[in-house]
Amino acid sequence: MSTSTVAPTSPLRIGPHTVQPPVVLAPMAGITNAPFRTLCRSFAGGDPADTASEGKGLYVSEMITTRALVERNDKTMQLITFSSSETPRSIQLYGVDPVTVGKAVRMIAEEDLADHIDLNFGCPVPKVTRKGGGSALPYKRNLLRAILREAVTGAGDLPVTMKMRKGIDDDHITYLDAGRIAVEEGVTSIALHGRTAAQHYGGTADWDAIARLKEHVPEIPVLGNGDIWSAEDALRMVRETGCDGVVVGRGCLGRPWLFADLVAAFEGRTGDFVRPTLREVADVMVRHATLLGEWIGDESRGVIDFRKHVAWYLKGFAVGSEMRKRLAITSSLDELRGGLDELDLDQPWPTGADGPRGRTSGNNRVVLPDGWLKDPYDCTGVTEEAELDTSGG
């Protein structure tokens, strides 16, 4: 079936919020801060020059640890600062201890810090899984239930959603049990990344698992995540899995205009996709770095933080290795703009530039707490000491 004949899906409902098109920016540590969310939303809103434009879709903060939030860590409090035009305000929380998660959720609800809370059960990085968090946690069914119960109870009228992976590895698959527990505890929707923790970002995402989860929990929306590099991929995922929406992560790295494509695709305008020249890409790069500097309060630190984005933006364009290295060590906006101006900025959008970006490692050993896999229900020994004390990055 041609993507141009795919009818737009029904609006996605996240509690009282309507998300149309049904597209969510995935929380990514060190990436989905306020400047990047602003950039993506501005494209989705139709005017990339207007930072106050209300974009379409849902844009989630980078991961916030519950312990750091409860302790009002300075960095964490900056990470949960939203612009006045961000609606709804969406925070993703990471936590291992039900009591600490409950305190953090109640703090968000009582102090009106956000309009939506997402819980992270999908992160595969060792610093998270070795404490029993992220994608390791759903293996402990009773612990998962306790955390969800505390979160939903503490959130009051705020919708609580969750993001997870298939499981720890192929021998420890958890997503169907976790989905059923989520429904029973009042979670509003579930996002599934079609990989295990052991896969990290390697191989191919299992979209069949997304379809099975949708069949398993028909009571609530299911969102699919994994290997969405283009708007056509998003439409194909919805068509093939029956999911209610998509979560886009690595696909928008260096491609914030992907959200313009996603809006167009779900509205049936598949001929309106953005294919910027290198000159237009360079302008977005400078704008991104500028927003980071304004957010941090220091131009140089903003440009330094932007460095990790350079290779993603330039992927596919004819830019020599020496210039790429030079642009990746810039420390000021003038230096960044000057380097970009030396390029052949009339280059058209390169063929095949929509492929994979970001981390692609796979088949990793998942670092877990001692004895974690002995009993999928026993969660003794998991205390607030297992919480991470800093957010993001």
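You'll find the structure just up there.
What this report covers is the structure whose coordinates are included nearby. If you're wondering where the values come from, they're calculated on a predicted model, not measured in any experiment.

Structural notes on the overall build of the chain
Across its full length, the chain holds 15 helices and 13 strands. By the compact-globule yardstick of 21 Å for 393 residues, the chain fits well, its C-alpha radius of gyration being 20 Å. Over its C-alpha atoms, taken along the principal directions, the chain stretches across nearly 60 × 50 × 40 Å. Looking at the chain as a whole, 59% of its 393 residues are labelled buried. Intrachain contacts of the chain at a sequence separation of at least 6 include 74% that bridge at least 24 residues.

Topic: the sheet that holds strand β8 (residues 160-165)
With parallel pairing, the nine strands of this open sheet are ordered in space as β4-β3-β13-β12-β11-β8-β7-β6-β5. Bordering the open sheet on either side are β4 (58-59) and β5 (64-65), each of which pairs with just one other strand. Direction of pairing for strand β3 (residues 23-25) relative to β4: parallel, over a ladder of two bridges. Among the inter-strand pairings, V24 is bridged to a residue of β4, identified as L58. Those strands touched by helix α6 (residues 141-155) are β7 (116-121) and β8, and its axis lies near 170° from that of β7.

Quick look at helix α8 (residues 207-216)
When we look at burial in α8, the residues that qualify are W207, A209, I210, A211, L213 and K214. Tucked inside the fold, the buried residues of α8 contact β8, α7 (175-184), β11 (190-193), β12 (222-225) and α9 (231-241).

Focus: the pairing of β7
Remember that side chains alternate between the two faces of the sheet whenever the strand is regular. In terms of burial, β7 is largely enclosed, as six of its six residues are buried. On β7, burial covers both faces: H116, D118 and N120 on one face and I117, L119 and F121 on the other are all buried. Pairing between strand β6 (residues 90-94) and β7: four bridges, direction parallel. Bridge pairing in β7 links Q92 to D118. Where β7 and β8 come together, five bridges link them in parallel fashion. Bridged to F121 within β8 is M164.

Some thoughts on the packing of aromatic side chains
With the rule as written, the count across this model stands at six aromatic pairs. Taken together, a centroid distance of 5.8 Å and an interplanar angle of 35° make the contact between F306 and Y313 tilted. When sorted by exposure, F306 lands in the same class as Y313, which is buried. The interplanar angle of 80° and the centroid separation of 5.9 Å between the aromatic rings of F317 and W349 together place this pair among those described as edge-to-face. Highlighted residues: F317 in the loop between α13 (310-314) and α14 (321-327) and W349 in the segment after α15 (333-341), separated in sequence by 32 residues. Judged on exposure class, the residue F317 and its partner W349 are both buried. An aromatic cluster is present here, built from F43, W257, F306, Y313, F317 and W349 joined pairwise through their rings. Sitting above the plane of the W372 ring, K140 keeps its charged end 5.1 Å from the centroid. Across the ring face of Y201, the terminal group of R165 is positioned such that the distance to the ring centre comes to 5.0 Å.

Here's the deal with the packing of helix α11 (residues 278-296) against α15
In a pair of packed helices, the angle between the axes and the distance between the axes together describe the arrangement. One can describe the packing of α11 onto α15 by two numbers: an axis separation of 10 Å at closest approach and a directional angle of 170°. When the axes of α11 and α15 are compared, the pair comes out roughly antiparallel. Seen from α11, the contacting residues are A282, D283, M285, V286, A289 and T290; seen from α15, they are L333, L336, R337 and L340.

A short note on the pattern of salt bridges
Oppositely charged side chains can pair when the atoms bearing their charge come close. Under the counting rule described, the total for this entry stands at 27 salt bridges. Here R89 and D115 are joined by a salt bridge, their closest N and O atoms 2.9 Å apart. Here R89, found in the loop between α3 (74-79) and β6, pairs with D115, found in the loop between α4 (98-110) and β7; they are 26 residues apart in sequence, far enough to count as distant. Of the two residues, R89 and D115, neither departs from the other in class, the shared state being buried.

With respect to unusual backbone geometry
Cis rather than trans, the peptide bond between Q20 and P21 has omega equal to 0°. The topology assignment puts P21 in the loop between β2 (17-19) and β3. Residue P88 follows T87 across a cis peptide bond; omega there is -5°. Here P88 lies in the loop between α3 and β6. For R72, which is not glycine, the phi torsion reads 55° and is therefore positive. In this fold, R72 is placed in the loop between α2 (66-70) and α3. Even without being a glycine, D227 presents a positive backbone phi close to 65°. The residue D227 is located in the loop between β12 and α9 in this model. Judged by relative accessible area, which is 16%, D227 ranks as buried.

About the criteria used
Residues numbered from 1 in each chain as written. Predicted model: local features only at pLDDT ≥ 70, side-chain atom pairs only at ≥ 80, totals over all residues. Heavy atoms only, no water. Helix = DSSP H or I, 4+ residues; strand = E, 2+ residues; numbered from the N terminus. Rg over C-alpha atoms; globule rule 2.2 N^0.38 Å. Buried < 20%, exposed > 50% of the residue type's maximum accessible area, 1.4 Å probe, protein only. Contact = heavy atoms within 4.5 Å. Pairing = 2+ DSSP bridges. Axes fitted to C-alpha atoms, helices over the stretch in contact; angles between N-to-C directions. Phe/Tyr/Trp six-rings, centres within 6.5 Å; stacked < 30°, edge-to-face > 60°. Lys NZ or Arg CZ within 6 Å of the ring centre and 35° of its normal. Parallel < 35°, antiparallel > 145°, perpendicular 65-115°, else oblique. Salt bridge = Lys/Arg side-chain N within 4 Å of Asp/Glu carboxyl O.

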